[in-house]
Structures are given as C-alpha cells and as structure tokens.
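Breakdown of the fold
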Amino acid sequence: MRRLFPVTDETAARASGGSAGEDGGGAAGGALASGVPGVVPDGSGGVPGGPDGSGGVPGGSGGFPGGDLVDREWSLAELGLAYAYPEPGPGEPQPWLRANMVSTLDGAAQHDGRSQPISTATDMRIFGTLRALADVVIVGAETVRQEGYRPARARAEFAGAREAAGQGPAPAIAVISASLDLDFGLPLFTSPSVPTLILTGAAAAPDRMAAAEKAGARVVIAGDGVGVDPVRVVQALAELGHTRLLTEGGPRLLGQLVASGVLDELCLTISPMLTAGDAQRIAGGPSVAVPKRFELVSLLEEEGFLFSRYRRT
C-alpha cells in the first residue's frame with residue numbers, strides 16, 4: 001500500500017512553494033510512504049507522530065518524499081494510529097461519528113445487494129481496524145439482513161489499546177430499525193460478546209420490542225414516532241458511554257445521518273470497478289438543501305483501490 005500524497009497541515013505550504021523532496025512530491029504519483037498515513041498534527045482526527053515519534057515514517061520524514069520509500073503492508077498498529085479518533089477535549093467526551101463505505105467508479109455501493117464483491121482484502125483490513133477502534137457500530141436493519149451481520153469479534157491485536165481507552169473487548173452492534181423485523185435467532189442476538197443494541201422509536205410495536213429484549217438485545221428509544229431521529233441516536237449512544245461511533249450504512253441510514261448533520265467523518269473506499277445497473281449510491285434518501293462540505297484527511301492506494309478519509313469542515 002502507498003499514500004498518494006501526504007495530507008498534513010504542511011501540505012498547502014509545500015504545494016505553494018515549499019520544498020517537498022527532490023521529485024517535487026506531494027502530488028499523486030509521488031513517493032511511496034511506509035509510515036502512518038493522514039498524519040494531522042492539529043489533533044483533530046489523526047496522530048501527531050508515527051510509531052517512532054518522527055511524524056509518520058519509521059526512520060523517515062513524516063511521509064514526504066525522501067523518507068522510507070518501501071511499498072509494503074502496514075501493520076494493524078500503524079493503521080490504528082492512522083485512523084485514531086480525535087483526542088477528547090476538556091469536560092465530557094463528545095461523540096464522533098464516522099462512516100465507512102465502499103463505492104465503485106460509477107457510484108455503486110453494492111453488487112447483487114452486497115458490498116463484498118466490490119471490496120478487497122485491504123479494504124477488509126481497514127474495515128476491521130475501524131471496528132476495533134469503535135465503541136459501537138451503527139447499522140441499518142436492511143443491511144443486517146442483506147449482509148448477514150454477525151457480532152463484532154474481539155481482536156487480540158487491539159486488546160491492549162482498547163483496555164487503555166476504557167473500552168470493552170469488542171464494539172457493540174447497534175441496529176436501527178423502525179419495525180424490528182429481525183431474526184432474533186441469529187448469532188448477532190444469541191451470542192454477541194457485548195449485547196446487541198436496537199434503536200427504534202417510542203411508537204414501535206410493543207410485541208417486537210419485547211421479543212428483542214427476550215432474545216437478549218437492549219432496546220433503546222431514540223425517536224418519538226415509529227422510527228428514530230438521527231440526532232437522538234447519537235445522543236442516546238453517548239449517554240450509554242459510546243462516543244467513538246462508526247456506521248457501516250446502508251445507504252438509506254447514511255443518507256439520514258448526512259441530512260441530519262450528525263456525520264463527522266467519512267472513510268470511503270473507491271473500488272476500481274464499473275458495475276452499471278441500478279445499485280444504490282452510498283447515501284440515499286432526500287437531498288440536502290445545501291451540499292455538505294468535507295475536507296480530505298488522508299488518501300491511500302493499493303492495486304488501484306483508493307482509501308480516502310474525509311472529515312467535516
């Protein structure tokens with residue numbers, strides 16, 4: 001894997017005249033960087049330095065050309081640093097909601113109803129890393145049904161970091177559902193290491209809520225009607241102590257989160273595939289009145305796949 005160009009507070013200065021190495025780096029097609037991608041020294045989503053404290057590259061120069069130019073597979077520890085959640089400020093920790101999605105070149109978020117055919121092994125490594133960093137994974141009921149969701153598993157590689165951060169061994173799965181039309185015999189409900197959460201509205205069917213609780217799930221009310229209010233979803237999870245939030249969609253849920261203005265970050269894998277057809281985009285539903293502007297934090301590449309990370313401006 002390589003980083004196409006470094007995205008740091010120094011990027012703009014270098015692009016406007018500062019030296020970025022002998023090859024003029026900082027642009028796509030620049031050096032291969034083996035260190036932590038997306039280093040953001042301002043503490044707003046990245047980390048101030050790499051594993052050796054040099055700013056990103058072991059034995060290198062913060063990821064800019066002239067450092068370690070070896071194209072290699074990054075360790076899970078380095079990916080964990082690269083995708084670290086923002087450090088909490090003074091006072092109560094504030095929730096941070098990131099989304100992780102994949103899209104083809106022509107905008108399809110799925111093929112034959114599933115995301116796996118347009119993914120790759122490295123995409124799944126990042127997928128696993130993002131889960132390992134999160135307190136809770138938020139997912140729509142339709143995605144649970146389509147993708148055959150299972151409980152998040154504890155990962156030995158992240159056990160120490162999670163313990164140090166005050167987290168349990170694995171993130172909880174939080175299912176958003178108005179109807180609670182779910183198979184409560186699935187492992188997601190019968191054998192999770194952390195009880196599965198179901199977020200629904202106060203007007204949801206009482207018998208379905210009772211069935212969910214009987215199956216071992218915890219029902220959380222996050223709306224006054226049948227469905228949920230995305231703002232209340234974030235608030236309700238934060239009240240349960242979950243502030244590092246991750247959503248994996250699907251498109252309808254992501255569209256609701258975008259429209260409500262609660263999404264802080266998007267991790268988007270761009271798959272070098274064309275599918276045509278009528279597959280959904282990564283976010284569906286009504287359009288917003290004014291497009292939401294996000295800024296690029298990091299961009300990685302491997303075998304034509306782009307792994308981008310954007311945060312709200």
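Everything below is about the structure printed above this text.
Procedures and definitions
- Residues numbered from 1 in each chain as written.
- Predicted model: local features only at pLDDT ≥ 70, side-chain atom pairs only at ≥ 80, totals over all residues.
- Heavy atoms only, no water.
- Helix = DSSP H or I, 4+ residues; strand = E, 2+ residues; numbered from the N terminus.
- Buried < 20%, exposed > 50% of the residue type's maximum accessible area, 1.4 Å probe, protein only.
- Contact = heavy atoms within 4.5 Å.
- Pairing = 2+ DSSP bridges.
- Axes fitted to C-alpha atoms, helices over the stretch in contact; angles between N-to-C directions.
- Core = buried A, V, L, I, M, F, W, Y, C linked by side-chain atoms within 4.5 Å.
- Right-handed = clockwise from strand over helix to strand, strands pointing away.
- Phe/Tyr/Trp six-rings, centres within 6.5 Å; stacked < 30°, edge-to-face > 60°.
- Lys NZ or Arg CZ within 6 Å of the ring centre and 35° of its normal.
- Expected span 1.5 Å × (residues − 1).
- Salt bridge = Lys/Arg side-chain N within 4 Å of Asp/Glu carboxyl O.

The next subject is the overall build of the chain. Looking only at helices and strands, one finds nine helices and ten strands in the chain. Within the chain, the fraction of its 313 residues that count as buried is 47%. Taking as baseline every contact in the chain between residues at least 6 positions apart, the subset at least 24 positions apart corresponds to 69%.

A word on the sheet that holds strand E10 (residues 305-312). Neighbouring strands of a sheet are bound in pairs by backbone hydrogen bonds; such pairs are parallel or else antiparallel. Within the open sheet, the ten strands sit side by side as E1-E9-E10-E8-E2-E7-E3-E4-E5-E6. Their pairing is mixed. The outermost strands of the open sheet, each flanked by one partner alone, are strand E1 (2-3) and strand E6 (218-221). Pairing geometry for strand E3 (residues 136-140) and strand E4 (residues 172-176), over five bridges, is parallel. From the neighbouring strand, Val 137 faces E4, where its bridge partner is Ile 173. In the packing of helix H8 (residues 230-239) onto the sheet, contacts are made with strand E2 (96-104), E3, E4, strand E5 (197-200), E6 and strand E7 (244-247), and the angle to E5 comes to roughly 145°.

The subject of this paragraph is the nonpolar core. Ranked by internal contacts, the top residues of the largest apolar core, which has 38 residues, are Tyr 83, Val 175, Leu 182 and Ile 198. Where this core is concerned, the elements lending two or more residues are helix H2 (76-82), helix H3 (121-133), E3, helix H4 (141-147), E4, helix H6 (187-190), helix H7 (206-214) and E10. At four residues, the largest contribution of residues to this core is made by H3. With near-sequence residues (within four places) excluded, Leu 182 lies in contact with Ala 141, Val 144, Arg 145, Val 175, Ser 177, Phe 189, Ile 198 and Arg 208. Counting residues in hydrophobic clusters, the runner-up holds 27 residues, among them Leu 97, Ala 99, Leu 197 and Leu 263.

Relative to the helices and strands, Gln 110 is located in the loop between E2 and H3. Here Gln 110 falls in the buried class, since its relative accessible area comes to 17%.

Attention now moves to the pairing of E6. With four bridges joining them, E5 and E6 adopt parallel strand pairing. Within E6, the residue paired with Leu 197 across the bridge is Arg 218. The β-α-β motif built from E5, the intervening H7 and the parallel element E6 has right-handed crossover chirality.

Moving on to unusual backbone geometry. That bond from Gly 249 to Gly 250 is cis: its omega, 10°, falls within 30 degrees of zero. On the secondary structure map, Gly 250 appears in the loop between E7 and helix H9 (251-260). Even without a glycine there, the phi angle at Glu 303 is positive, about 50°.

Taken as a whole, H9 has its buried residues at Pro 251, Leu 253, Leu 254, Gly 255 and Leu 257. For H9, the secondary structure elements touched by its buried residues are E2, E3, E4, H8 and E7.

What follows deals with the packing of aromatic side chains. A complete count under the given rule lists two aromatic pairs for this structure. An angle of 80° between the planes, with centres 5.1 Å apart, marks the rings of Phe 184 and Phe 189 as edge-to-face. For the pair Phe 184 and Phe 189, one class covers both residues: buried. A ring pair is formed by Phe 305 and Phe 307, whose centres lie 6.4 Å apart and whose planes are at 15°; its orientation type is stacked. When its relative accessible area of 1% is taken as the criterion, Phe 307 is described as buried. Above the face of the Tyr 85 ring, Arg 98 is positioned so that its terminal group lies 4.1 Å from the ring centre.

What follows covers the environment of Ile 198. Structurally, the position occupied by Ile 198 is in strand E5. With relative accessibility at 0%, the residue Ile 198 sits in the buried group. Once the C-alpha coordinates of Ile 198 and Ile 173 are considered, the two residues, 25 residues apart in sequence, prove to be 8.4 Å apart. Residues contacting Ile 198, with those up to four places away along its chain left out, are Val 175, Leu 180, Leu 182, Phe 184, Phe 189, Ala 212, Ala 217, Arg 218, Val 219 and Val 220.

A few words on H3. An α-helix turns once per 3.6 residues; consequently, residues spaced three or four apart project the same way. The first and last C-alpha atoms of H3 sit 19 Å apart over 13 residues, in line with the 18 Å expected at 1.5 Å per residue. Looking only at H3, the buried set comprises Thr 122, Asp 123, Ile 126, Gly 128, Thr 129, Leu 130, Arg 131, Ala 132 and Leu 133.

This part covers the pattern of salt bridges. Across all of its chains, the model carries nine salt bridges by this definition. Here Arg 131 and Glu 248 are joined by a salt bridge, their closest N and O atoms 2.9 Å apart. A residue pair is termed long-range when its members are at least 10 positions apart, and Arg 131 in helix H3 and Glu 248 in the loop between E7 and H9 qualify at 117 residues. Given the relative accessible area of 13%, Arg 131 is considered buried. The buried category is assigned to Glu 248, whose relative accessible area is 8%. One salt bridge in this structure joins Arg 311 and Glu 295, with 2.7 Å as the shortest N-O distance.

Geometric values such as these leave the question of function open.
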